[in-house]
Amino acid sequence: MSIEWVNQAIDDLRAWGRVREVEVDADEVRLLCDYASDYLNVNELGDFTAETFDELLLSIYPRKVIAPPESAQESVAAARTLVAYLDEAGKASGDTVARMRERLDDIALRMPDALADTANFGMAKSLFSSIGPESLEQSIAIPSGELPDLGEAPCDCPGCTPLPAVRLAAPQDLLTALESVPTTDEEPPPAGGDPLEAWARRVARILEQDTGGAVTGHAELDEGLYDLFDMLYRLQVRVPVSVIGDYLDDLAGDGEIDLAAVLGRLKRTGLIRVEGDTAELPPLAVWALREHYLALGIDAPQAPDLAEADARGLIEGLLEGVPTEIAEDDIDRWLSGRASGEAAAELLAAASGAPAVARGIAITIVDRLGAEAEPAVRGHLDDQELRPHVIHWLAARKLPAPPLTQEELLWVSVDMLALAMPAAEEDPDNFAANMAASGPSAHLIEEMWRVDHPDVVEVLELLGRSMQDGAVAKAARKAAFKARSRAIR
């Protein structure tokens, strides 16, 4: 979300309202702009269209905003005010404004039903966008954190910086990949023997010997390749090419380098893969680097294949932090080895009684399953912790489901915020920004203390620290006090 343009838009709208003595619901308009920025690629007021309001008020609001049906008129009124401003300020053409107003007339009739539809209580799936827009609708969240400065090489001591466990490709896949790596005149293809062993020796020479610029075209860059590839090995995620460029510039000192040419040479070695504006180690490079570490006597653990684990092992493995692409592959292969009902039964059994984060991962995977898993999912309606999630799963597939009660909505609100707590503690500013854009209202927070959830006190204390609205933060702190007092009694 681009906060700058939204702040400027709200300031301009308020000024416009004061001059014309028009009442502007700034908070509601800000919510419109925030959601449009987050989900609909709106980067300025001029990007609003009739379709934007259709998506916002009939799709995104019902999924993201806890609000009674009667609140629809307030949201539509704020949208009408925004359209009036777009018209008078020349931010939209006359035809566009006319289409917006016509669409809002229709939305005003349909939005109350959209807010009342119990299937839309599926916002519990991504409630409050508490760890980033749509984060709970994606597969598995990757461990967050800023990329380290590649100019600062890690300590070589394995005791100080142990290597992470890595997933290795199958030997046949490695051999297939090796066929596309060109050999040099100095290194003809091995006549007999293991080609992978020959590949490992070749990588060791690149990393350890004085290659004098034969690899990158610059002697000083060749000398820094070990640290570069070591860092990529440790990250296990794609890195912006610009970050690698900054690292190479530091190595070059006053010399100039052609980054595209250097990356092109590195790609031909088979040690790096560049896609768009990011780069990473391909599986062949990961394997060779691990072989090199082992040869040096460094502990280089191999990560287990989560597709072969049981449901609890899958969840625990994902909790340890797995790059997105690997996690997606693990989950897809894990599911492919089981019937939908069997997979749902295993995952929900593992989720029952588990901490909120583990339960959230299990529910996210179950959400990939189709209606054929209904009997196994429905069988957990009697589980207090899983019942709200099961209701959402059934309703989202238009299957018979009991209504979600206010108590259950409160419980699942706390549950999903508990899932967000690790990310919130790691990046409190991002969490606070998301709460400001789409967090729970004060009246909802005031009731959360009643929820029989093991994490309710921690959740309310987190909201008390994070909510930028002073009144809402105060409501969270009061609710946390009540929750603690109830627990003491």
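Above this text is the structure in question.
Residues numbered from 1 in each chain as written. Predicted model: local features only at pLDDT ≥ 70, side-chain atom pairs only at ≥ 80, totals over all residues. Heavy atoms only, no water.

Undergrad: An account of the overall build of the chain is requested, with residue identities and associated values reported.
TA: Counting secondary structure elements, the chain contains 23 helices and 3 strands. Out of the 489 residues belonging to the chain, those deemed buried represent 48%. Of the contacts formed within the chain by residues at least 6 apart in sequence, a portion of 70% connects residues at least 24 apart. (Helix = DSSP H or I, 4+ residues; strand = E, 2+ residues; numbered from the N terminus. Buried < 20%, exposed > 50% of the residue type's maximum accessible area, 1.4 Å probe, protein only. Contact = heavy atoms within 4.5 Å.)

Undergrad: Explain helix α15 (residues 340-351) residue by residue, including any values.
TA: Spanning 12 residues, α15 covers 16 Å between terminal C-alpha atoms, matching the ideal 16 Å at 1.5 Å per step. Among the residues of α15, those classed as buried are Ser-340, Ala-343, Ala-344, Leu-347, Leu-348, Ala-350 and Ala-351. The arc that holds every buried residue of α15, seen down its axis, measures 160°, which confines them to one face. Residue Gly-353 follows α15 closely and has a positive phi angle near 80°. (Expected span 1.5 Å × (residues − 1). Arc of directions from axis to C-beta.)

Undergrad: Give me the packing of helix α4 (residues 72-88) against helix α5 (residues 94-116): which residues, what numbers.
TA: Taken N-terminus to C-terminus, the directions of α4 and α5 make an angle of 170°; their axes are 9 Å apart at the nearest point. By the criterion of interaxial angle, the relationship of α4 to α5 is roughly antiparallel. Within the contact between the two elements, α4 uses Ala-72, Ser-75, Val-76, Ala-79, Arg-80, Val-83, Ala-84, Leu-86 and Asp-87 and α5 uses Val-97, Met-100, Arg-101, Leu-104, Asp-105, Ile-107, Ala-108, Met-111, Pro-112 and Leu-115. For the contact of α4 with α5, the class distribution of residues is 14 nonpolar, 1 polar and 4 charged. (Axes fitted to C-alpha atoms, helices over the stretch in contact; angles between N-to-C directions. Parallel < 35°, antiparallel > 145°, perpendicular 65-115°, else oblique. Nonpolar A, V, L, I, M, F, W, Y, C, P; charged D, E, K, R; others polar.)

Undergrad: Help me get a handle on the sheet that holds strand β2 (residues 273-275), residues and values and all.
TA: Taken together, the 3 strands give an open sheet; going across it, the order is β1-β3-β2, and neighbouring strands pair in antiparallel fashion. Each of the sheet's edge strands pairs with one partner strand only, and the pair in question is β1 (239-240) and β2. In terms of strand pairing, β2 meets strand β3 (residues 278-280) through 3 bridges, oriented antiparallel. Within the sheet, the bridge partner assigned to Arg-273 lies in β3 and is Glu-280. (Pairing = 2+ DSSP bridges.)

Undergrad: Break down the side chain of His-389 for me, citing the residues and quoting the values.
TA: Looking at the secondary structure, you find His-389 in helix α18 (residues 387-396). Setting aside anything within four residues of it in sequence, one finds His-389 in contact with Arg-359, Ile-363, Trp-411, Val-412, Asp-415 and Met-416.

Undergrad: An account of the pattern of salt bridges is requested, with residue identities and associated values reported.
TA: Taken as a whole, this structure holds 24 salt bridges when the rule is applied. Residues Asp-87 and Arg-101 are paired through a salt bridge, measuring 3.7 Å at the closest nitrogen-oxygen approach. With Asp-87 in helix α4 and Arg-101 in helix α5, this residue pair connects regions lying 14 residues apart in the sequence. Arg-101 gets classed as partly exposed once you look at its relative accessible area, which sits at 37%. Each of the salt bridges in this network shares a partner with another, and the network as a whole consists of Arg-167, Asp-305, Asp-329, Asp-330 and Arg-333. (Salt bridge = Lys/Arg side-chain N within 4 Å of Asp/Glu carboxyl O.)

Undergrad: Tell me about unusual backbone geometry, and name the residues and values.
TA: Positive phi outside glycine occurs at Glu-21, with the angle close to 55°. Along the chain, the position of Glu-21 falls in the loop between α1 (3-20) and α2 (26-39). Here Glu-21 falls in the exposed class, since its relative accessible area comes to 75%. Positioned with a positive phi, Asn-41 is a non-glycine residue whose angle comes to about 60°. Tracing the chain through its elements places Asn-41 in the loop between α2 and α3 (50-64). Note on Asn-41: relative accessible area 58%, which makes it exposed.

Undergrad: Account for a positive patch on the surface, naming residues and giving values.
TA: On the surface, a cluster of positive charge is made up of Lys-474, Arg-477, Lys-478 and Lys-482. Summarising the element assignment, Lys-474 is placed in helix α23 (residues 470-488). (Patch = residues over 30% accessible without salt bridge, like charges linked within 9 Å, V, L, I, M, F, W, Y side chains within 5 Å. Areas by Shrake-Rupley, 256 points an atom, 1.4 Å probe, with all protein chains shown as cover. Lys, Arg positive; Asp, Glu negative; His and termini not counted. Charge placed at Lys NZ, Arg CZ, Asp CG, Glu CD.)

Undergrad: I'd like a description of the nonpolar core, backed by residues and values.
TA: Grouped together as the largest cluster of nonpolar side chains are 67 residues, with contacts concentrated most on Leu-460 and Leu-463. Examining the composition of this core, we find that 12 residues originate from one element, helix α19 (residues 406-426), more than from any other. Look past the residues within four positions of Leu-460 in its chain and what remains in contact with it is Ile-445, Met-448, Trp-449, Ala-476, Ala-479, Ala-480 and Ala-483. Of all hydrophobic cores here, the second largest spans 43 residues; its members include Val-203, Tyr-226, Leu-271 and Ile-272. (Core = buried A, V, L, I, M, F, W, Y, C linked by side-chain atoms within 4.5 Å.)

Undergrad: I'd like a rundown of the packing of aromatic side chains, residues and numbers included.
TA: We describe a pair of aromatic rings using the distance from one ring centre to the other and the angle between the two ring planes. Summed over the entire model, instances satisfying the criterion amount to 4 aromatic pairs. An angle of 70° between the planes, with centres 5.9 Å apart, marks the rings of Tyr-35 and Tyr-61 as edge-to-face. In this pair, Tyr-35 is assigned in helix α2 and Tyr-61 in helix α3, connecting sequence segments 26 residues apart. Using a relative accessible area of 2% as the deciding quantity, one classes Tyr-61 as buried. (Phe/Tyr/Trp six-rings, centres within 6.5 Å; stacked < 30°, edge-to-face > 60°.)

Undergrad: Let's hear about the environment of Ile-361: which residues, and what values?
TA: Note on placement: Ile-361 falls in helix α16 (residues 356-366). On the basis of relative accessible area, Ile-361 is assigned to the buried category, the value being 9%. For Ile-361 and Glu-316, which are 45 residues apart along the polypeptide, the C-alpha to C-alpha distance reads 9.5 Å.

Undergrad: Explain the side chain of Arg-338 residue by residue, including any values.
TA: Summarising the element assignment, Arg-338 is placed in the loop between α14 (324-336) and α15. For Arg-338, a relative accessible area of 19% translates into the label buried. A polar contact is formed between the side chain of Arg-338 and the side chain of Glu-346, at a distance of 3.3 Å. Setting aside anything within four residues of it in sequence, one finds Arg-338 in contact with Ala-307, Ala-309, Asp-310, Ala-343 and Glu-346. (Polar contact = N/O pair within 3.5 Å; in protein donor to acceptor, adjacent residues only side chain to side chain.)

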